[in-house]
Each structure stands twice: as C-alpha cells, then as structure tokens.
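# Commentary on secondary and tertiary structure
Residues per chain, in single letters:
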Amino acid sequence: MVTLPEIETYPERKPDGLTDRDALVLAVLSRLDPRRLLRRPWGGDTAFVRAVRAEIAAIADLPADPVRLRDRALCLRRRARRGRVADAALAPVLAEVCVAAGRVLGKMPYDVQIVVIRCLFDGEIAEMGTGEGKSLTAAVGAATLALAGRRVHVMTVNDYLAARDAETFGPLFAALGLGVACITDDTPPEGRNTLYRRDVVFSAAKNILFDYLRDQTGPQAGTLRGLGRKLLAFGRPRAQGGAPILQGLDAVIVDEADSVLIDQAATPFILSAGEASLGGLDEPTLREMLGLARGLVEGRDFRKSEARHRVMLTDAGRARLADGAQGARGLVAVAPVREHLAGQALVALHILRRGRDYLVTDQGIAIIDESTGRLMPDRQWSEGLHQFLELKEGLDPGEIRTTLGRITFQRFFPRYRHLCGMTGTARAAARELWEIYGLRVRRILPRRPDIRCLTPVRVLPSAARKWCVVADLAARLAATGAPVLIGTRTLGASQDCARALDDVGLAYQVLSAEHAADEAGIIAGAGRVSRITVATNMAGRGTDIMLDDKARAAGGLQVILTELHGNSRIDRQLAGRCGRQGDPGTVHRILSLDDDLIRDEGPWAMTLARLALVLGGAGGCHLAMRALQALQSRRAERARANLARQERLRERQLALSGRLE
Amino acid sequence: MATAFLSQDWYRVADLRLRRHGDVTTARHVYRGEVWHVLQNPQSGKMHRLTDAAHAFFARLDGRRSVQDVWLRCCALFPDRPPSQTEILNLLAQLHAGDLILGDRLPNLTEIDRRTREEDRRTLLAYVKNPLSLRFPLFDPEPFLRWSAPVARLVFSPFGAVVWLVLIGAALAGAILNREALALPGMDQIATAGNLAYLAVAYLVVKALHELGHGYAVKRWGGEVHEFGVMMLVFFPVPYVDASQATFFPGKGPRMIVSAAGILVELAVAAAAFLVWLAADPGPVRTLAYNLTLIGGISTLLFNGNPLLRFDGYFVFADLMESPNLGQRSNQFFWHLVRRVLLRDRDAPPPLVAPREGGLLLVYAVGSFLYRMSVLLFISIYLTLAMPVIGAALALWSLFTVLILPAFKALRYLVADPALDLVRARVLARAALLLVLGFGAVFVLPVPHVTTADAVLDPAEGSLLRVMGSGFVERVLVADGQAIKPGQPVLELSDPFLSLERRLALAERDDARARLGGLPLADRNGRKLWQEQLGFSEARLADLSRREAMLVLRAEVAGRVHVPEAASLPGRFLQQGEVPATVLAPGPSRWRVAIPAADAGPVDAGSRRIELAPRLGRPLVYRARILARAPEVTTALPSFALTTKAGGGLLVDPAAESPISLTPVVNYLLTVEADPAVTLPGGARARVRFVHDPSPIGPRLWRALTQTFLRQFGS
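Residues numbered from 1 in each chain as written. Chains lettered and ligands numbered in written order. Predicted model: local features only at pLDDT ≥ 70, side-chain atom pairs only at ≥ 80, totals over all residues.

Taking an unreviewed UniProt entry as the reference, chain B is identified by name as Putative peptide zinc metalloprotease protein belonging to Cereibacter ovatus.

With an unreviewed UniProt entry as reference, chain A is termed Preprotein translocase subunit SecA, source organism Cereibacter ovatus.

## A word on the UniProt feature "transmembrane region" (unreviewed entry) in chain B
Residue and element names in this part refer to chain B. This is how the line gets drawn: UniProt positions are given in the numbering used here, feature names are shortened, and annotations may be inferred rather than shown by experiment. Secondary structure elements follow DSSP: runs of H or I no shorter than four residues count as helices, runs of E no shorter than two count as strands, and numbering proceeds from the N terminus.
Under the present numbering, the feature "transmembrane region" (unreviewed entry) in UniProt falls on residues 154-177, 189-209, 221-240, 260-280, 361-383, 389-415 and 427-447. The span residues 154-177 shows a helical share of 92% and a strand share of 0%, and its end C-alpha atoms are spaced 31 Å apart. Taken end to end, residues 361-383 is 100% helix and 0% strand, and its first and last C-alpha atoms sit 32 Å apart.

## Here's the deal with the sheet that holds strand β2 (residues 25-31) of chain B
Residue and element names in this part refer to chain B. To keep things clear, this is the line we draw: Strand pairing follows a simple DSSP-based rule, namely that at least 2 bridges must link the two strands. Helix axes are fitted to C-alpha atoms over the stretch in contact, other axes to C-alpha atoms as well, and angles between N-to-C directions run from 0 to 180 degrees. Note on contacts: each residue gets a C-beta atom placed from the backbone, and two residues are in contact if those atoms are within 7 Å.
Read across the open sheet, the 3 strands follow the order β2-β3-β4; overall the sheet is antiparallel. In the strand order of this sheet, the two ends are held by β2 and β4 (47-51), each with one partner. Taking the axes of each pair of neighbouring strands and ignoring which way they run, one obtains an average angle of 30° across the sheet. Judged from the 7 bridges that link them, β2 and strand β3 (residues 34-40) form a sheet pairing that is antiparallel. Residue pairing in the sheet places R28 in a bridge with H37 of β3. Relative to the sheet, helix α3 (residues 52-59) contacts β3 and β4, its axis offset from that of β4 by approximately 110°.

## Some remarks on the interface of chain B and chain A
The following threshold applies: Residue type decides the class: Asp, Glu, Lys and Arg count as charged, Ala, Val, Leu, Ile, Met, Phe, Trp, Tyr, Cys and Pro as nonpolar, and the leftover types, Gly among them, as polar.
Contacts between chain B and chain A engage 36 residues on the former and 34 residues on the latter. Those elements giving two or more residues to the side of chain B that touches chain A turn out to be α1 (2-5), α2 (10-13), α4 (67-77), α5 (85-97) and α6 (109-129) of chain B. Ranked by residue count, the leading element in the side of chain B that touches chain A is α6(B), at 8 residues. Among the residues making up the side of chain B that touches chain A, the classes are represented as 21 nonpolar, 5 polar and 10 charged.

## Description of the domain arrangement of chain A
Formally: Note that domain bounds follow an automatic or database assignment of domains.
Domains assigned within chain A are domain 1 (21-221 + 245-266 + 407-444), domain 2 (283-400) and domain 3 (453-631). Using only C-alpha atoms to locate each centre, domain 1 of chain A and domain 2 of chain A end up separated by 48 Å.

## Some details on the nonpolar core
This is how it is decided: We call a set of buried Ala, Val, Leu, Ile, Met, Phe, Trp, Tyr and Cys residues a nonpolar core when their C-beta atoms link them within 7 Å. Residues are called buried when their C-beta atom has 20 or more other C-beta atoms within 10 Å, exposed when it has 12 or fewer, and partly exposed otherwise; all C-beta atoms are positioned from the backbone.
Ranked by internal contacts, the top residues of the largest apolar core, which has 100 residues, are A143(A) and L433(A). Here this core gets 10 residues from one element, more than from any other, and that element is helix α4 (residues 87-104) of chain A.

## Points about the confidence of the model for chain A
Rules: Every residue carries a pLDDT, the predictor's confidence in it, which falls somewhere between 0 and 100.
Averaged over all residues, the pLDDT of chain A equals 83, while 90% of them reach at least 70. Here residues 222-227 of chain A is a poorly scored stretch, pLDDT under 50, and it has 9 contacts once near neighbours within four places are set aside; other chains count.

## Observations regarding the packing of helix α6 (residues 134-147) of chain A against helix α7 (residues 159-175) of chain A
Residues and elements named next belong to chain A. Note the cut-off: When describing relative orientation, an angle under 35 degrees is termed roughly parallel and one over 145 degrees roughly antiparallel, while 65 to 115 degrees is termed roughly perpendicular and anything else oblique. Helix crossings get a hand from a simple test, with the near helix turned counterclockwise from the far one by less than a right angle marking a left-handed crossing and a clockwise turn marking a right-handed one.
At their nearest, the axes of α6 and α7 sit 10 Å apart, and the two run at 45° to each other. In terms of axis orientation, α6 runs oblique to α7. Of the two possible hands of crossing, α6 and α7 adopt the one that is right-handed. Each of S135, A139 and A143 in α6 lies in contact with α7, whose residues at this interface are D165, F169, L172 and F173. Within the contact of α6 with α7, the residues separate by chemical class into 5 nonpolar, 1 polar and 1 charged.

## Structural notes on the pairing of strand β2 (residues 124-127) of chain A
All names here are of chain A. Here β2 shows two buried faces, one formed by E124 and A126 and the other by I125 and E127. For β2 and strand β15 (residues 440-444), the ladder comprises 4 bridges, and the chain directions are parallel. Bridge pairing links I125 to V441 in β15. Bridge count between β2 and strand β14 (residues 418-423): 3 bridges; the pairing is parallel. Among the inter-strand pairings, A126 is bridged to a residue of β14, identified as M422.

## Things to note about the domain arrangement of chain B
Looking at chain B, the domain boundaries give domain 1 (2-107), domain 2 (129-320), domain 3 (337-445), domain 4 (464-574) and domain 5 (585-695). Distance from the C-alpha centre of domain 1 of chain B to the C-alpha centre of domain 4 of chain B: 108 Å.

## Some thoughts on unusual backbone geometry
Residues and elements named next belong to chain A. For S530, which is not a glycine, the phi torsion comes out positive at approximately 60°. The residue S530 is located in the loop between α20 (520-525) and β20 (532-536) in this model. Classification of S530 by C-beta neighbours within 10 Å gives partly exposed; the count is 17.

Here it is, written out as structure tokens:
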C-alpha cells in the first residue's frame, strides 16, 4: 500500500491574469507559425517505448511487489516535483502499471498507448485514431499520474462511460493501491467530499465543474488562498461546515479533448439555487402580479406576438400596472422589472398552452420541446415564467432560482495544474488549443495502417430526395451483409432518416445522446452483419463499434454522412467510426442543398451552392460546402475568442466582488 | 428592454455591503443646468464625474445596506428613469477602479494586479506613442506654495484684478500712442545670436511666472498642487504644473481663473515689460523688456490661448462652455454619431453632460482634429528639415499613430468586431457608401475651379500723350473727356528760355548776315567763316521752331482725351517725358497679369473663360483672352500695381527698386475687346478670374500639398 503524504489544501493553477494585449500577442504568435504547435508525430517505435518494454520484460515474471512499486513511485514523485519527468524515471513506474494491467485486466497496453502516456505526462493532447484503446490508455495514464503524486480527474464524455470505466479499471487501481471513484449525476452531494479524496476520479466534465462551482460560491469563497490563508488560519481551528467538496484541481485527463475544450468551451454552466435572495419575488407577489396581469385586456393594454413568444405592453397597460402596483415594495416597485414580470405573466396566461407547449404531470409543469416534441421535465422556463404557469395551473409555485455562479470550460480547464487529453481529431484545433490552454497536439501514428475507402460525394437538391437515396444506399449495403451507420446532425434529422428507412421497410436502430446507458447495447450490436444504426453526431463521438468477423468480411462498417457539420472535426469523428485498428470500412457522403449548413447562412449561400452544383457537379458543390464549413468554424472560433475577451472584461468589471468563479 | 435592465452578473454584487472610501470628497457641479457630482480620491488625486442618479447611489453606500437594497431605494427615488442593473454594475466598476469604495469581501487581487500592470504599460506606451510630447515630473511645489499662500490671496483678489487691469490698460494705451514705433520684427531679427540669450532668459522668467500663476490660483481656492515638471514639446522644454485639482472646484469662475492664470500672468508681465521698453534707453534692460513682451504677449496668446490645442485656452474654453472633458468627449461623441449612422443604434446614450451640447462637441471634434493635423504636418516638415533622419522617423511615427493606427482600428472594428456579426453586411454597406460618397465628393464631384489674379492695363500705342519738350503749361486746349481727332492740339506749353534763345539766334543770324554783306568778295576765308556762322544760326533757328512746335501737345490717335489734372495744369512745369494727358482710344486693350508659377498649370491648361473686372467701383466684367505668355518663369513683375505695396496680391522684395516678386511668377498678356462706353486709362487695375472647367478638389489639394513639400524640401 502506498501512502500518499498530505498535499496542499486546494491545489489549483493561479489565474494568469492575461490582459487583452497579452491575449492579442498569443493570438498573433499562434497564427505566425501554426505548424509549430503540432509536435512531431510519434509511432509505437520510440526510445521511450523500448525503455518501458525493457522494464516490463524485467519484472513481468516477478510477483507483484508493493515495496518495489512504492520505491519506484516515490522516485518518480521526487522527479515530477522538479518539473519535466525523464524517460528513465517514468519507465519503471509505467512498466509496473502495464504489468498490473496485463495481470489484472488481461490487457497489456500496446506500444502506441505507452507513447500516449508519455504525451499525457508532458501535458499534451494526443491525437490517436479510433479503436486504439483510449479508455485503457486513460486508465493507465491516470494510474501513472496518480503514482507520480497527483490527484487525477478523468473526464469522460458522459456519466455512463465514467461509471463503466471506473468499474472496468477498478481492479487495476486496486492492484496498484490507488483509490478510485466515480462521480455521476446521481452521486449524493454529502458523499462527494470523500469520493474526491480518492486518487483517481472518473466523471463527466460537468459534474466536477459544478462541484467546483459549489466550492467557489460556498462559505470558503472570497477568502485568501494558498499561503495567505495558511497564515491567517494559523493556530485557529478549521472552520466547520466549510470544507470544500473538491480536493482542488490537480491533474485532469480529458477524453474527446477537442469536443470539451473547443466545441463546448463557450457554453456557460450556471449554478443556481432556490433561495429567493433577490428580495420580494415571493409567492404573494407572484400571485399579485398574476392577478394584475389577468386584469389587462388584449388590444387595450398589450399586444401579443405568438411567433416570438412575447407580449408588448401599451402605455395604457403600463399605467394600469403602475396603478395596481401602488404601495408595492421591492422589485415590483421598479417599473421595468414590474413590466417585465407582467409580460411573463401575460405570456403564461395568453401564449403558452397546455398540451402544445407544456403538460401538467405529477412532478409539475413539464416543457414540451418545440423542435422534437419531447417532454423535458428537467427544464424550467426562467425569470418567473415557470412560476406563473404553475400558479395558472393551480400548482404551488416553485422558488425562483437565482444564479450562484457561472463558468465556462474555457475558464475552468486552465485552472488545472496539469491538463492533458486525448482525442481522435485535434489537428484542426491545434492553434486554438495552444492559444487558449497552452496545449500542444501530438499525433500518434496508428498501430495498423488505415484502409478505409471514401466513395465519391453526392449532393441532392432536396432533403426528401436525400433521405430516399440514403435509405436506398443503406438497403443495398445492408444486403451485402455489411453493418451501416448513418450519421445525422440533429435529432430531427435522425427522425427524418428513420421515416425514410421505415418507408423502404428496413429494420434499424436509433442512437441518440440522451440515453447513453440504454443504448450501450445498440452500440455493441451496431457492428453485426447487416445492422443499420442511425446516430446523431454526439452519439457518434466516442462510440467504439466492434465488428464481428462476418461483418468484417462483408466490407466492414459502412458510414453514411448525411450532412456536413459546422466544423470538419465532427465529420471526421463520424467517419472515424469505421476502419478502427486497420479494419476495412467505407465512408459515403450524401448531402443536399437543404442542409442546415447552407440554410444557416441565408439565401446567398443557397444560391452559391446551387450554382456550384450546376457548374461543378457534386464535387464542386462539396467544395463550396466545405468553404461554408470553414467559414462557420472560423466564425465560431472568433466567437470563442470574443467570449474570452468578454470574460476578461467581466472579471475587470466585477473585480470588487472578489475572484470570479 | 427588461433583459438589459436586469443583469446576468447581478448575483455577484447583490449581497455586497459596500461603503464609501472615507477620504473621498465630493463637489457639486452644474453644467448647462444639469447637476453632476465630482468625486475625488485624495490619495490618487483622480477625479470621477457622476450623474445625479449615480451619485444618489454612491451616497447611499454606507456599508450596512446591500447593493440590492440601495439599488431598490434608488429605483424608488428615480421612478421615471430607474437605474438599470447594468448601469449600476458599470458604476460600481468605475468606483472600484477609482478606489472610491470598499467592500466587505476580499477583492480580486489578480485582477487588481492586472489593472496596475495595464496602467503601467499604458503610461509607458503613451511615451512611445507620442515621442513629440513627453512629460518629466520634477518636484512637488506644494510646500512652497503653502508657505507663500498669502501671495496667492493677494494676487487673486479684487486688488489684484484692479492692478492687472491698470497694467494692461496702460500698456494698451502706450501701444496705441506709439503704434508707428511698433513693427513686427522678422524672424531673422529675433533669432540673432545676441538676442537668443535674452530670449532664453525671458522665456524662463515668463514661463516660471506662468506656472506660478497656475499654482497660486489653485492655492487661492483651496486646492493643492503636487507636481511640477517639464514637458518636451517637439524637444522644446515647456514647464507645467499639475493643476488638475481645479477640476474639483464647484464654481465655474475659479476653475476658469486657474486655467487662465498662466495667460493672465504672462499678459501682466508683457504689459509691464512693454512699459519698461517704452521708458528705457537702449541697452540690455530694454532688449530684455522687449523679449519679455514678445514672449509674454504674442506667443502666449497664439500658443496658450488657442482652445483647439490642449493647453490653457482649452481648459478655459471647456469651463466657459460648461463642457467638462471637452476634447475627449467630443471625440467620443463623434464616434457615437458614426456608430449611430452605421449601426442605426439609437439606444446607446450619447456622451453628453446635458442635452443640446452635441453641436458644440461635433464642431470641436472636427475643428480640433483638422487643427491638430495641420500642426502635426507643420511639425513633421519642420522636424524632417531640421534633422533629416531622426526627424523624419519621428514625424512618420507621429503620422502613423495619429492617422494610420486609428484608420486600421476602425477597419478592424468593421471587419472583425463580434458586436457587428449580425449586421456586418449592412454596416459595411453603409460604411462603404459613406466612403464612396466622401471619395466622390473629394475626387469625382466637379467643383468650380477658379484662379484669380490682379491685372494692370498696358497702355495702347499712341494713347499716352507724352510731353516732348519741357516747359510751363500755357493753356489747356481741350476739356477733359472731349473727343479729339489726330493732330488736334491738347496742351500748349511755353518755355521762356526758348524765346530768349530764339532772339539770340535771330540776332546772331542778323549779325552774321550783316558781316557777310560787309566783307569783300575777295576775302574768301572771311566769307566762308561767316557763311558757316550764318548756316549754323539758321539751323539753330530751325531747331528752335521745331522745339516750339513741340510745346503744343497733339493727339496722335482719335478718341477721348483724358487730362486728369486739367484745372491745375496751367502754369505748371512739365518735364520732357511726362504724361499730362491720355487719349482713350476705343479698341482692344491689353492687360498684364503675373501668376505664381505654382498656379500657372491650370491657367496654361486652358480656361473655360477669363473674366476681367476693372476696379471701377461698379460691377463690370469683360471677357478676356490670353494674347501671349512669357516663356520663362521670372521674378520680375510688370508693375508695382500687382504687389502688396500697391494693393495687389503678390509679396515683393522690399529692398529692390523695381518690382521683384518674392515668388516666381509667369507673366501673361491678356486682351479685352473694348467696350465703347468705357475706356480706361493706362495703368488701370483689374481683377482677373480664370474660370477653369470644374474639377474635383482632391487632385487640386494633392497638387498644393506636393508643391508645399517640394518647396520646403527643395530649398
């Protein structure tokens, strides 16, 4: 058993305090020579791998020895504290882990996986092909990092994968004397504190992020950190109840790094709580507002716009409201707030309809998603609208949730002391990864050569025609015995596709991101003979479709891309589902002029694409669409850069309220 | 609207209990009828201007109530226009950045550190960006000023005002009484080696008193001055004091006096020195007094008094117009307008302290920009000439920071600013339209193009009646303006010596004739002698008759006779060659014009028409055409009438006897088909307008600019 000495209370990287000018310099630097941000690709045949192999050979036949492991780990830890770890220090520990993996799991890491662990140790993003065993690599990497004295978070794509990996690799960590935990949505908050004390924690990114937000907004927030706190706390008992949930942000291994660090970078995560701290928006007030709103008459006091889900008050309506709210206190006394609330109440009364926009269930109001028609019981309308609806339906109004904290991945991940990750597609994002996170990308050469085929692209004039062609193609391919994976961009497109397949009378299965665990079975079966699977891009990412021998003989997995996405990495991800570990496979691309990619750009893009189709045929049109794709991804990139700038501005603005979470 | 009213980030501050920094002092200012509050943090010395509503919020931060409570209270106070959460957040950020509030929570230290670093860098950058105006703080004059504060109270008092008025009045009176002695000396007279020393001394004295004036004025109304230093303006040292505390004074009067104190002091010094100069005998004292007057009077008014530059005059002007921070806000307002035109964004509040301030700001923004540009251009040329390599580099750098960098920023804003993402196409179209319109106005739109010059009438052949023989005027035989024929007598002169000579010659002839008759035929030698004598006398008589005939002045051509001084002529002696009368003959007249060589291009290229307006005191315009153009560029002018000496437009070499122009010119000869009604005397002057084809103004400006440069760099 290895005993870890007490580490610092809340390790976290100090914010770098970039100024706008610093950011500009970084952006310019990264653009000057973007190729330097890519490290030289590594294959399995490197000096480091040979060293590890030699170490493995030396100890493979010996029995497991905790003392030897401890000595080697301590040696590594000493080196690691001094900075970059030399091959010679890392190899013995990694060899121990590999041997343990081979012994406990029956899986000895391949050479390429060992190389990837070197990358993870160096704080790089490793770009490795699909099916090269990212899960095992992450586990071995996490174990090695933990042995080097770090607390490791392994960020998986979803809770299901976190639970699966924590369970699968549990024995490995146990054999190495490391504690492992898994945090999912369902983990109770009370126990999390102790779970995070384990050496390795598997979780989806947002769980850890929210726990971090809770720490930041909790009672400990806003005080000095590090040495300052230690000095202030010297000789005093630790404050009770204020213990942070996390043990800090030490090291993290991010799976699907480009998706998490780039595509989702700008999404804000908001921690909210039910306390009505914003004064005055309690139940009586809401009832009163609803009563006032009931007294308003359409046409005289307000006009409504069904399409925009909004109500506009007229001057008469405003005056009536002001009369009704006389003597009110708190927020209702403030005219703009009062009018906004009245507007929300009117929307609840006159625009939202039961059965179309929401349902009343046992749990309360459930929103019906406009585009998919699905029930979204977890979602809430904001700014009082939900509560007005509940009142209207005669339910007890829930509390209006107020924001406690807000953060994006863009701000969260740089706070890890050691950030590294893996993905199948990183090259296209290398520049941005370096600019924002200071990460460099290293491509790992595949173990076996890639023998995927690419059929010529087809572009059809309308979406309906496209789905017909897709269904025909799927039918033909399935007839040969090959499994087919149809990738779509949205849930709606998945449904359209399903309908087209129904028309042809084919059996298929739909995979969506919503219910990952239920659909693990679908993925397991997706590689069988003649199996047809429809999946959205999010479902496509990270799923590892294993082929059976007959399917392999029938030509391997046939991936049909039915649409180009906003950036080419997602397309490559989907295409990467086939041809894993040198398997055969084919990528078909069937696009249409109705695709969102073109629609989003407006009429001029449509004209351009049509012209390209007429003049240059499918190839020309595909080129035009790729250009649109490049345009969109560049725009997204600029939006992210702008968000970073706005966050800096916000930080400056709110400096008086303490450090931002 | 409500979403902008409520802010997403409100949760960060809602529960904070903030309080005002204890040392902050407040003054109530009124600008154009609007109430503002100026806060000052004595530690940093920085000022902050708050609206009445913002101040109401600030004043209620007492450390007990939360921001949320104070905000609600303010909403109740201003029910018509409650402050939005976004506004409050901005205000809090501003107050925090100015160290005006304290919180109950530990502030973001990283952020504060970043702010400090950015400020340091900005200070450094300001030096790099503007190498032509660098500040070097030297010492803190406050102890001295406090020690000598009674002086301030004495100087800035009614008594001081009276003394000042008397002094200025006396100097003005002296100047008016001695105006002929006052002539502006040329640069060559000021910048002599001997005078430079005096000039330097005078400069030091005047500027020291100037800054002292500012300092005392601040002291007089209770402010403090903590920085005295030297500013290097185009490598020329100009002392300064930090009188920013005056901004804090509630009264507009004291603020203006502080800003104007320097000028007032300098004028007083100049007035005193002028009186000394009037009284003193030539010597060092007088020279020094002269230089003091020069610097204290003229240079101050030109340099410090100009509101378009950021010196004393600017501050006086800003306070007078009740437009605080005029320069900066006028720029902001200009860009606000541009944004409004480009983005159609009518919601953004304009940076005005009061309604109806916009016109002033716009005029000031454009005016001061153009002025600064021209000054910068001037300085650039001067620098480049003075120090070819370093000067040129500095000049280029200044032009880069003032012109190219802002242009680049504007372009980047249009092309890449994310705020424009949704409306970029429209904004770009509007910006392009504006640019095209502007470009069109400058480079395409034809604008009337006219070259004007002075012309002088070239007298026609035979129209001048020149006196051929000297003599006293006997009679004037014609009336002024009378029509005459060729050969008709105009004037009769008499020459008494001529008749005496004639009698003498007659007597000699008779004598010779008589002697000849008395000589024997055989005396051939004697006869020959007297015969010759007789011939000589007769020739003399003939000559005398011819000369007598010349005493009658006759017209050579038909026309109207013009005898300007007909009444006073009789009895006057006229020298041979004088022109007592002219004959105005109908027919083409010829005019001489000199055009500066730089402007000759368009004239040579051909004009649509040439208008010639004689200076008659009544509107009369002839069509003229070019008869001849002198092939060479010269400095010789046809007449003084074209020069500033005689009401013309060309500068002339004052030392030369004949009219020599200071700028090279091209001489033209124009001809006008005469109007029978009016005939002009020779030497008459006229204004000529060469009306060219309308052409865009851009190329013309460019030509003028390049010529200026060529002239500057060529010499």
